[in-house]
Amino acid sequence: MQVMAYKNLFFDLDDTLWAFSQNARDTFEEMYRKYRYDRFFSSFAHFYALYTRRNKELWDEYGGGRITKDELNRQRFLYPLEAVGAADEALAGAFSADFFAVIPTRSGVMPHARETLEYLCSRYNLYILSNGFRELQYRKMCAAGIDRYFRKIVLSEDIGILKPRPEIFYFALSATQSEAHESLMIGDSWENDVAGAAGVGIGQVYYDLAGDGKFPFKPTYRITDLLELTHLL
């Protein structure tokens, strides 16, 4: 396969480099035990299923500008308690504060993330383009020891617009003085990373964690392991 003369690689962070799903689940389980949530839920799985379902809905609302960041965080931690008839704002708030203090200290990364970044960093300009919150993303990267590979971190909070809207991609290109045709977006979210980048003429690498190979159009590249980037680029 002929490789374009790319200069700039934009990486999503959560579940592309930093192992968000596992780190979050581990932190939730720790908080579940600390705050004795077994008083309210039949199991951790019961609690986590309630949380994750509502959390996805709330992120969609936040991305659409229908709720604020503060409301997103308030509702997603309170909802599981409400769902079992144990609504307690103070308890949910304490759980939330503790969760956010602990999760950015987790250092788990996706398989082969570090060796892939080590290979790429001397060959390309590496940037982060993430919808995550500013107060968490920097700390997560430092905890995982991957911050040193990146020239700049561009976050949706910088302009108040989330991927996949085109404005955040244009902002990232401007902020890094990058040209779209010389850039690749690498991420695990089809909608946010792949479709979003394609919409503004940026090449795409779909990190297909499910490995099912089913998607609406053919991305520039598709990988199931980050190490594949060392052979493609």
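Before reading on, note that the structure itself is shown above.
Residues numbered from 1 in each chain as written. Predicted model: local features only at pLDDT ≥ 70, side-chain atom pairs only at ≥ 80, totals over all residues. Heavy atoms only, no water.

Engineer: Could you clarify how one ought to interpret the packing of aromatic side chains in this entry?
Structural biologist: Remark: the centre distance and the inter-plane angle together describe each pair of aromatic rings, the angle taken between the planes. Enumeration according to the criterion identifies 37 aromatic pairs in this entry. Sitting above the plane of the F133 ring, K69 keeps its charged end 4.6 Å from the centroid. The ring centre of Y119 lies 3.8 Å from the NZ or CZ of R123, which sits over that ring. (Phe/Tyr/Trp six-rings, centres within 6.5 Å; stacked < 30°, edge-to-face > 60°. Lys NZ or Arg CZ within 6 Å of the ring centre and 35° of its normal.)

Engineer: Quick question: what am I supposed to make of the sheet that holds strand β6 (residues 221–223) here?
Structural biologist: Pairing between sheet strands relies on hydrogen bonds along the backbone, with the strands arranged either parallel or antiparallel. A sheet is described by the order of its strands in space; here six strands give the open sequence β3-β2-β1-β4-β5-β6, paired in parallel fashion. Each edge of the sheet is formed by a strand with only one pairing partner; in this case those strands are β3 (152–155) and β6. The mean angle between the axes of side-by-side strands here comes to 20°, regardless of whether they run parallel or antiparallel. With four bridges joining them, strand β4 (residues 183–187) and strand β5 (residues 203–207) adopt parallel strand pairing. Counted as the bridge partner of M185 is Q204 from β5. (Pairing = 2+ DSSP bridges. Helix = DSSP H or I, 4+ residues; strand = E, 2+ residues; numbered from the N terminus. Axes fitted to C-alpha atoms, helices over the stretch in contact; angles between N-to-C directions.)

Engineer: What exactly am I supposed to notice about the nonpolar core here?
Structural biologist: Across soluble globular proteins, you tend to see nonpolar side chains buried next to one another. Counting 60 residues, the largest nonpolar core has F11, L17 and F47 as its most contacted members. No other element matches helix α2 (residues 44–63), which puts seven residues into this core. (Core = buried A, V, L, I, M, F, W, Y, C linked by side-chain atoms within 4.5 Å. Buried < 20%, exposed > 50% of the residue type's maximum accessible area, 1.4 Å probe, protein only.)

Engineer: Any chance you could explain the environment of T68 here in plain terms?
Structural biologist: Looking at where T68 falls in the secondary structure, it is placed in the loop between α2 and α3 (69–83). Given the relative accessible area of 49%, T68 is considered partly exposed. The spatial distance from the C-alpha of T68 to the C-alpha of L58 is 9.8 Å, given a sequence separation of 10 residues. Within polar-contact distance, the side chain of T68 engages the backbone nitrogen of E71 at 3.1 Å. (Polar contact = N/O pair within 3.5 Å; in protein donor to acceptor, adjacent residues only side chain to side chain.)

Engineer: What is the right way to look at the pairing of strand β1 (residues 8–11) in this model?
Structural biologist: Along any regular strand the residues' side chains alternate between the sheet's two faces. By the alternation rule, side chains of β1 split into N8 and F10 and L9 and F11, which are all buried. Examined bridge by bridge, β1 and strand β2 (residues 125–130) share four bridges and lie parallel to one another. The partner of F11 across the bridge, within β2, is I128. Looking at chain direction, β1 and β4 are connected through four bridges and run parallel.

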